[in-house]
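Listed below are the residues making up each chain.
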Amino acid sequence: MLGDSKAFSGIGVDDLEAARRFYGDTLGQRVEVFDEANGLLGLHLAGDRQVLIYLSPDMTPARYTMLNFPVDDVDAAVEWLSGRGMTFERYEGMPQEPNGVMKAGGPHIAWFKDPAGNTLSVSGIDILIGGA
């Protein structure tokens, strides 16, 4: 029954306008206001995929990565995002480079947060579309 459903993910945020600016202006993604009165935005990702961004004033950010952006060059993506004001997360016990990129033990990856505290990443992992 659900095998042909065009499922989508959702990310809760506590400030819809801050999320719109962050995902649209800072990350350069296409963001559409679906229903402002009910706090719904659509994040249009490459490959005709969408993520619902919804207002959840009492939300608590997840302790895991909510959204991964596969890129060909993680260091270049980190440099670009840093130039747009992003800072990168540091995790105890993870061998990260000075710019925040972890290169040991698998594909390169770096984590950062949206204004609501949700963790996102840029990474060399691209399991879904066969290339960044």
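Only a predicted model underlies this, so the values are computations on that prediction, with no experimental measurement involved. (Residues numbered from 1 in each chain as written. Predicted model: local features only at pLDDT ≥ 70, side-chain atom pairs only at ≥ 80, totals over all residues. Heavy atoms only, no water.)

Draft legend 1. View of the environment of Lys-113. Inspection of the secondary structure puts Lys-113 in strand β6 (residues 109-113). A sequence separation of 52 residues divides Lys-113 from Pro-61, and the C-alpha atoms of the two residues are 9.7 Å apart. Apart from the residues within four sequence positions on either side, Lys-113 is in contact with Phe-22, Met-86, Glu-89, Asn-118 and Thr-119. (Helix = DSSP H or I, 4+ residues; strand = E, 2+ residues; numbered from the N terminus. Contact = heavy atoms within 4.5 Å.)

Draft legend 2. How the structure looks around helix α2 (residues 74-83). Every buried residue of α2 is accounted for by Val-74, Ala-77, Val-78 and Leu-81. An end-on view of α2 places all buried positions within 100° of arc, on one side of the element. Exposed residues on α2 whose side chains face more than 90 degrees from its buried face are Glu-79 and Gly-83. If you follow the buried residues of α2, they end up packed against β6 and β7 (119-123). Where α2 starts, the residue carrying a side-chain oxygen 3.1 Å from the main-chain nitrogen of Asp-75 turns out to be Asp-73. Residue Gly-85 follows α2 closely and has a positive phi angle near 95°. (Buried < 20%, exposed > 50% of the residue type's maximum accessible area, 1.4 Å probe, protein only. Arc of directions from axis to C-beta. Polar contact = N/O pair within 3.5 Å; in protein donor to acceptor, adjacent residues only side chain to side chain.)

Draft legend 3. Quick look at the pairing of strand β4 (residues 49-55). Of the pairings in the sheet, the one linking strand β1 (residues 9-13) to β4 comprises 5 bridges and is parallel in character. Residue pairing across strands places Gly-10 opposite Leu-52, the latter belonging to β4. Examined bridge by bridge, strand β3 (residues 40-45) and β4 share 6 bridges and lie antiparallel to one another. Opposite Leu-41, over in β4, you have Ile-53 as the bridge partner. (Pairing = 2+ DSSP bridges.)

Draft legend 4. Broad picture of the environment of Leu-81. Turning to its location among the elements, Leu-81 is positioned in helix α2. Classification of Leu-81 by relative accessible area gives buried; the value is 3%. C-alpha separation for the pair Leu-81 and Ser-123, spaced 42 residues apart in sequence, amounts to 13 Å. Filtering out sequence-adjacent residues up to four positions away, Leu-81 remains in contact with Leu-27, Met-86, Phe-88, Phe-112 and Val-122.

Draft legend 5. Just the pattern of salt bridges, in detail. The final tally for this structure, using the stated rule, is 3 salt bridges. We note a salt bridge from Glu-17 to Arg-20, for which the minimum N-O separation is 2.7 Å. A residue pair is termed a helical-turn pair when its members lie 3 or 4 positions apart in one helix, as Glu-17 and Arg-20 do in helix α1 (residues 16-26) at 3 residues. Given the relative accessible area of 37%, Glu-17 is considered partly exposed. A relative accessible area of 27% places Arg-20 in the partly exposed class. A salt bridge links Arg-21 to Glu-17, with the nearest nitrogen and oxygen atoms 3.6 Å apart. One end of the pair is Arg-21 and the other is Glu-17, both in helix α1 and 4 residues apart, which spans about a single turn. Using a relative accessible area of 39% as the deciding quantity, one classes Arg-21 as partly exposed. (Salt bridge = Lys/Arg side-chain N within 4 Å of Asp/Glu carboxyl O.)

Geometric values such as these leave the question of function open.
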